[in-house]
Amino acid sequence: LLDFYRTLGALRKSRPSLQQGEITYLYAKDGGLVFRRTLDGETTVTALNAGEEPLELTITWDAPAATDTITGQKYCVRDGLLPLYLPAASGKILI
């Protein structure tokens, strides 16, 4: 658990958009929260599911792929849309 929090702290320190970027809320419903932070062309999206059920949604994305900074998993973007699947009590931080 300590390593996880260290990873989050290092990520925040390395990404200016997580420190002082503009926040845009993309989704807030049924235990789900997705927000985008941008600063000087850098974008970071945080997607959280605090609910007891999985959450599936699609967000707009301006690059051909997205990467989960926690797991390293890469996601394909099609026609500017990024489908997300969030199991219950989970989250992703995408760049």
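These remarks concern the structure in this document.

The rules behind the values
One numbering rule holds for all chains: residues counted from 1, following each sequence as written. Only residues with pLDDT of at least 70 get local features here, since the model is predicted, and only at 80 or more are side-chain atom pairs given and counted; chain-wide, interface and lining totals rely on the full set of residues. Calculated side-chain values reflect all of the structure's heavy atoms, with hydrogen atoms and water omitted. Categorising residues by exposure relies on relative accessible area from a 1.4 Å probe, with only protein chains included: less than 20% of the type maximum marks a residue as buried, more than 50% marks it as exposed, and the intermediate range marks it as partly exposed. Secondary structure elements follow DSSP: runs of H or I no shorter than four residues count as helices, runs of E no shorter than two count as strands, and numbering proceeds from the N terminus. At least two bridges found by DSSP between two strands are what make those strands a pair. The angle between two axes is taken between their N-to-C directions and runs from 0 to 180 degrees, where each axis is a line fitted to C-alpha atoms and a helix contributes only its stretch in contact. Among buried residues, those of type Ala, Val, Leu, Ile, Met, Phe, Trp, Tyr and Cys that are joined through side-chain atoms within 4.5 Å constitute a nonpolar core. Any two residues whose heavy atoms approach within 4.5 Å are treated as being in contact. Any Lys or Arg side-chain nitrogen found within 4 Å of a carboxyl oxygen on Asp or Glu counts as a salt bridge. Working definition: a ring pair exists when centres of Phe, Tyr or Trp rings (six-membered ring for Trp) sit within 6.5 Å. Plane angles under 30 degrees give stacked, over 60 give edge-to-face, the rest tilted.

A separate point is the pairing of strand E4 (residues 55-60). Judged by which residues are buried, E4 turns out to be one-sided: Leu-55, Leu-57 and Ile-59 face inward and are buried, whereas Glu-56, Thr-58 and Thr-60, on the alternate face, are not. By the bridge criterion, 6 bridges tie E4 to strand E7 (residues 81-86) in an arrangement that is antiparallel. Each bridged residue has a counterpart across the sheet, and for Thr-58 the counterpart in E7 is Pro-83.

Read from one edge of the open sheet, 4 strands run E1-E2-E3-E8, paired in antiparallel fashion. Both edges of this open sheet fall to strand E1 (22-29) and strand E8 (90-94), since each of them pairs with a single strand only. Averaged over neighbouring strand pairs, the angle between their axes works out to 10° when direction is ignored. Pairing analysis gives 8 bridges linking strand E2 (residues 32-39) to strand E3 (residues 42-49), with the strands arranged antiparallel. Bridging across to E3, Leu-39 finds its partner in Glu-42.

Glancing now at the nonpolar core. Grouped together as the largest cluster of nonpolar side chains are 14 residues, with contacts concentrated most on Ile-59, Trp-61, Leu-82, Leu-84 and Leu-94. For this core, the secondary structure elements donating two or more residues are E3, E4 and E7. Contact partners of Leu-82, with chain neighbours within four places excluded, come to Leu-57, Thr-58, Ile-59, Trp-61, Ala-66, Tyr-75, Cys-76, Val-77 and Leu-94.

This next bit is on the pattern of salt bridges. Enumeration over the complete set of coordinates arrives at 2 salt bridges. Here Asp-3 makes a salt bridge to Arg-6, at a shortest N to O gap of 4.0 Å. Taken together, the positions of Asp-3 and Arg-6, both in helix H1 (residues 2-14) and 3 residues apart, correspond to about one turn of that helix. Among the ionic pairs, Arg-15 bridges to Glu-42, the shortest N-O distance being 3.9 Å. Remark: Glu-42 occurs in strand E3 and Arg-15 occurs in the loop between H1 and helix H2 (16-20); sequence separation between them is 27 residues. Look at Arg-15 and you get buried, because its relative accessible area is 13%.

This next bit is on unusual backbone geometry. The backbone of Asp-30 sits at a positive phi, close to 50°, despite the residue not being glycine. Mapped onto the elements of the fold, Asp-30 is located in the loop between E1 and E2. Of note, the phi angle at Ala-89 is positive, near 50°, even though the residue is not glycine. One can find Ala-89 in the loop between E7 and E8.

Let us look at the packing of aromatic side chains. Centre-to-centre distance and the angle between the planes together describe a pair of aromatic rings. This model, assessed by the stated rule, comprises 2 aromatic pairs. Geometrically, the ring pair formed by Phe-4 and Tyr-5 is edge-to-face, given 5.8 Å between the ring centres and 70° between the ring planes.

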